[in-house]
Amino acid sequence: MEGPGILSASPATVSIAELLNPGSVAVIGATEDQTKFGGRLFRMLLKHRYAGAVYPINPRRAELFGLKTYPALRDAPTVPDMIVMAVPRASVVETITEAAGMGVRGAIIISSKFSDEGEEGARIEKGLVETARRGGMRLIGPNCLGVISPANRVVLCSSPALEPDTLPVSPIGFVSQSGALMATVFDRARDHGIGFTHCVSVGNQADLELCDFLEYLVEDARTAVLCCYVEGLKDVPRFLAVAERARTAGKPLLMVKAGRTEGGARAAFSHTASLAGSFAALAAVCRDRGITLMDDLDAMVLLAACMARYPGRTVRSATVITPSGGGGAIAADRLSEGGVPLTAFAPQTQAALAEFYSPGQGNNPIDLGGRLPGGEAMDIAHTTLGIAGADPAEDIIVSLITTAPMLAATTARMADADVDKPNLFVMAPGKAADAARQALVERGVPFADSLDEAVRAIRAWASTGPPGATPSRPAGLPAAPPRLAGQLDPAAVDALLRTYGLPTVGQALCATADEAMAAAKRIGFPVVLKAVAATLVHKSDAGGVAVDLQSEAALAGALDGMQRKLGPLDGFLVQQMVQAGAELILGVNRDPQFGPLLVVGAGGVLVELLHDVALSPVPVSAERARTMLGGLKVRAILDGARGRPPLDVEAVVDAIVRLGWLAHDCRGVLLELDINPLLVRPRGQGCVVVDARVLCAKEGAEE
Ligand code: ADP
Ligand code: MG
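Quick caveat: nothing in here was measured; it's all calculated off a predicted structure.

Draft legend 1. Layout of the coordination of the magnesium ion (ligand 2). For the magnesium ion (ligand 2), the full set of protein donor atoms is Asn676 (O) and Asp691 (OD), and the range of their distances to it is 2.1 to 2.2 Å. Of this pair, asparagine 676 sits in strand 27 (residues 670–680) while aspartate 691 sits in the loop between strand 28 (687–689) and strand 29 (692–696), and the two are 15 residues apart along the sequence. Residue asparagine 676 is classed as buried on the basis of its relative accessible area, which comes to 7%. Take aspartate 691: its relative accessible area is 21%, and that puts it in the partly exposed class.

Draft legend 2. Summary view of the site of ligand 1. Near ligand 1 lie 18 residues; those nearest to it are Lys530, Lys539, Ser540, Glu583 and Asp691. One nitrogen or oxygen atom from the side chain of serine 540 is found 2.4 Å from an oxygen atom belonging to ligand 1. Glutamine 575 is positioned such that a nitrogen or oxygen atom in its side chain is 3.0 Å from a nitrogen atom of ligand 1. When contributions to the shell around ligand 1 are tallied by element, the ones reaching two or more residues are strand 21 (527–532), strand 22 (545–549), strand 23 (571–576) and strand 27. Among the elements that line the shell around ligand 1, the one with the most residues is strand 27, at 3 residues. In terms of residue class, the shell around ligand 1 is made up of 9 nonpolar, 5 polar and 4 charged.

Draft legend 3. Local environment of the packing of helix 3 (residues 89–102) against helix 4 (residues 119–134). Two elements in contact, helix 3 and helix 4, have axes whose closest approach is 9 Å; the angle formed by their N-to-C orientations is 15 degrees. Comparing the axis directions of helix 3 and helix 4 gives the class roughly parallel. Every pair of crossing elements has a handedness; the one defined by helix 3 and helix 4 is left-handed. Contacts between helix 3 and helix 4 involve Arg89, Val92, Val93, Ile96, Thr97 and Ala100 from the first element and Glu120, Gly121, Ile124, Leu128, Thr131 and Ala132 from the second. Here the contact of helix 3 with helix 4 is composed, by residue class, of 7 nonpolar, 3 polar and 2 charged.

Draft legend 4. Seen up close, the sheet that holds strand 16 (residues 366–367). Spatially, the 5 strands line up as an open sheet ordered 16-15-17-18-19, and their pairing is parallel. Of all the strands in the sheet, just strand 16 and strand 19 (447–448) have a single pairing partner and so form its edges.

Draft legend 5. Geometry of the sheet that holds strand 7 (residues 138–140). Read from one edge of the open sheet, 5 strands run 2-1-5-6-7, paired in parallel fashion. The sheet is open, and its two borders are formed by strand 2 (53–57) and strand 7, each paired with just one other strand. Going from strand to strand, the sheet's axes swing by 20 degrees on average, the running direction of each strand aside. In this structure, strand 5 (residues 82–85) lies alongside strand 6 (residues 106–109), joined through 4 bridges in parallel fashion. Its bridge partner being in strand 6, isoleucine 83 is matched across the sheet by alanine 107. Most of the contacts of helix 3 go to strand 5, to which it runs at about 175 degrees, and overall it touches strand 1 (24–28), strand 5, strand 6 and strand 7.

Draft legend 6. Representation of the environment of valine 27. Looking at the element boundaries, valine 27 is found in strand 1. Along the backbone, valine 27 and isoleucine 637 are 610 residues apart, and their C-alpha atoms lie at a distance of 66 Å. Sequence-distant contacts of valine 27, that is, excluding residues within four places in its chain, are made with Gly38, Leu41, Phe42, Leu45, Val54, Tyr55, Pro56, Ile57 and Val84.

Draft legend 7. A look at the pattern of salt bridges. Applying the stated criterion across every chain yields a total of 38 salt bridges. As a salt-bridge pair, glutamate 163 and arginine 43 come within 3.0 Å of each other at their nearest N and O atoms. Within this pair, whereas glutamate 163 is found in the loop between strand 9 (154–156) and strand 10 (172–176), its partner arginine 43 is found in helix 2 (residues 37–47), the two being separated by 120 residues in sequence. Of the residues examined, arginine 43 reaches a relative accessible area of 24% and is grouped as partly exposed. Residue arginine 133 is joined to aspartate 207 by a salt bridge in which the shortest nitrogen-to-oxygen separation is 2.6 Å. Here aspartate 207 lies in the loop between strand 11 (198–201) and helix 6 (210–219) and arginine 133 lies in helix 4, a separation of 74 residues in the sequence. One salt-bridge network, in which partners are shared between bridges, spans Arg188, Asp298, Asp434, Arg437 and Asp449.

Draft legend 8. Spatial organisation of unusual backbone geometry. Here the bond from asparagine 364 into proline 365 is cis, since omega is 5 degrees, no more than 30 degrees from zero. Relative to the helices and strands, proline 365 resides in the loop between helix 12 (347–354) and strand 16. Residue proline 619 follows valine 618 across a cis peptide bond; omega there is -5 degrees. With respect to the secondary-structure elements, proline 619 resides in the loop between strand 26 (613–617) and helix 21 (622–630). In this structure, asparagine 143 is a non-glycine residue whose phi angle is positive, near 60 degrees. Here asparagine 143 is to be found in the loop between strand 7 and strand 8 (147–149).

Calculation notes
- Residues numbered from 1 in each chain as written.
- Chains lettered and ligands numbered in written order.
- Predicted model: local features only at pLDDT ≥ 70, side-chain atom pairs only at ≥ 80, totals over all residues.
- Heavy atoms only, no water.
- Donors = N, O, S within 2.8 Å, 3.2 Å for Na, K, Ca; no water.
- Helix = DSSP H or I, 4+ residues; strand = E, 2+ residues; numbered from the N terminus.
- Buried < 20%, exposed > 50% of the residue type's maximum accessible area, 1.4 Å probe, protein only.
- Near = heavy atom within 4 Å.
- Polar contact = N/O pair within 3.5 Å; in protein donor to acceptor, adjacent residues only side chain to side chain.
- Nonpolar A, V, L, I, M, F, W, Y, C, P; charged D, E, K, R; others polar.
- Axes fitted to C-alpha atoms, helices over the stretch in contact; angles between N-to-C directions.
- Parallel < 35°, antiparallel > 145°, perpendicular 65-115°, else oblique.
- Left-handed = near helix turned anticlockwise from the far one by under 90°.
- Contact = heavy atoms within 4.5 Å.
- Pairing = 2+ DSSP bridges.
- Salt bridge = Lys/Arg side-chain N within 4 Å of Asp/Glu carboxyl O.

In short, shape yes, function no, at least from these values alone.
What follows is the structure, given as structure tokens:
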């Protein structure tokens, strides 16, 4: 074992902090030619006044932009900390080999045609990493757009987004799997007065990957909010670990993930598997881990800016202030649909507003047009913000600006209002509002270009809550996970569920029709008869379920009919007939990346059509189980819609919690579990499983 103090040139000795702030940079293929990557990148580095030493490398030049130019890397006066290149693949290999041999600390490889192109490229890419590792050098890319680190005034990126002289810094870090999107986000953010500490495009992530940079951003004192654009996560456990560290550090982690529409492609044994697609799984895990999953980059940057300006806020309700009655109504609709209702003003807020507004006006959304005559419009807008902003129940103000006279002055007055709440502007007009936008940029006040963008940001903010309660294990659950393998037969399914305290219906598994008749007499009529055969997945579709059999004669008829229709069967299941108010599905699906996920939703034979489901990683707390149920459409039925009795929601919550622990305990072997339906009875009468399927890994395939 190595003792402390023995320093080797292992990759771990190069920190991300160093790579984002190198003391010297060699630009391989630097040129004055602005049609070339090497030309633009070199110029951007100089233009943004990089403080370190720059060594242009080009065998055909003696000088570039007044800087001495070197024929090869080895001719540079010192070994540079960092090299950056956008040269053909063969030259990349040569340069990396040379640089690693010299002791260069890091390299940014802009060039593409590596693992992004195919097997040959992937092989060469792997070789690059090995060469770099041997020399203790780290790689960013290949196939990336480099690094923009405004906090360090380091620009190693050729994008035209860097053409303006300003390099604004906000406490936001951004790591992107797409180079073009990184540059675009940077550019658009600057138009909104938003900057970054560091932006990194990670490209193929041959060596350094997304998580390396996120880990750094969590540690970086100048960064308060982390953003990332992800196409595929390389290392899910590491990502979840960095998310946990970000949460502990109080730094929000925002992510836009491409690939939303890719479905759960696996042929489904259960309904659950087809309901729990991989994106839905990611969304559930993100919610659980406090990661803000978003669907739009502009909205992500807007939210990051809001979170940076107003740290530690929770958003549940909003106030809309606008000169347009129509705009206010639309904003109210969109926000409520997104789960952020408008704040109901407290009496003192209403009373204060009544001084300035005609009777019936001055409610949320506030239409500035409804003010009483007299007084300067912009003063009243300013005062209104102060009054509304002081309402104790409200979490955020949306100032929706529409085309109106004196736009810039009014917007500025509204932005200057003294409110201790996030005041998010929506700048709906076109060019007419350019001066107004500028007024906001000057004040560092975040604004959206459309209501849609603002709603996306606010919804995402509202969905990011503090960590929920830690799930507690109900008494009486088994201490050791039960041994399971393959597809369980009905008796084994029943035993497993009962072991975890899940209520299952009284039933008997019978080999013959005579046995079924005897069992029915024991159980008591009415009964339900079900055909049993390993191949029979959707029994009712095939005519293998007969419910509410009131008598021996009815049962005899059903037995006869099923045998004739379905041919030879493995047996029959005779069940007690349960009268219920609702059918739910409860399931577990093991996601290849995220592990077991619990699914709860509207059940019965139409589950896939209804697609009314909520997902959660396991175990699940009772609090979380209630939230999951609360978000379902079927919730209305559970609550007792249209004069029906309210159903036993707490019994369902208990069943969810128990199933969560079952899934947690059996995570090594359990692949899919489907309870469909769980029949829910009126309040106080519980719920009961009447149909369940369980698929486990084969014996010996445990993980
Ligand atoms: P499958 O899903 O294979 O078609 P199920 O066992 O889920 O078969 O039964 C289909 C439907 O029959 C259920 O959705 C439910 O409406 C009804 N059902 C099944 N078992 C019972 C029972 N014990 N009591 C009342 N209704 C039942
Ligand atoms: Mg079923």
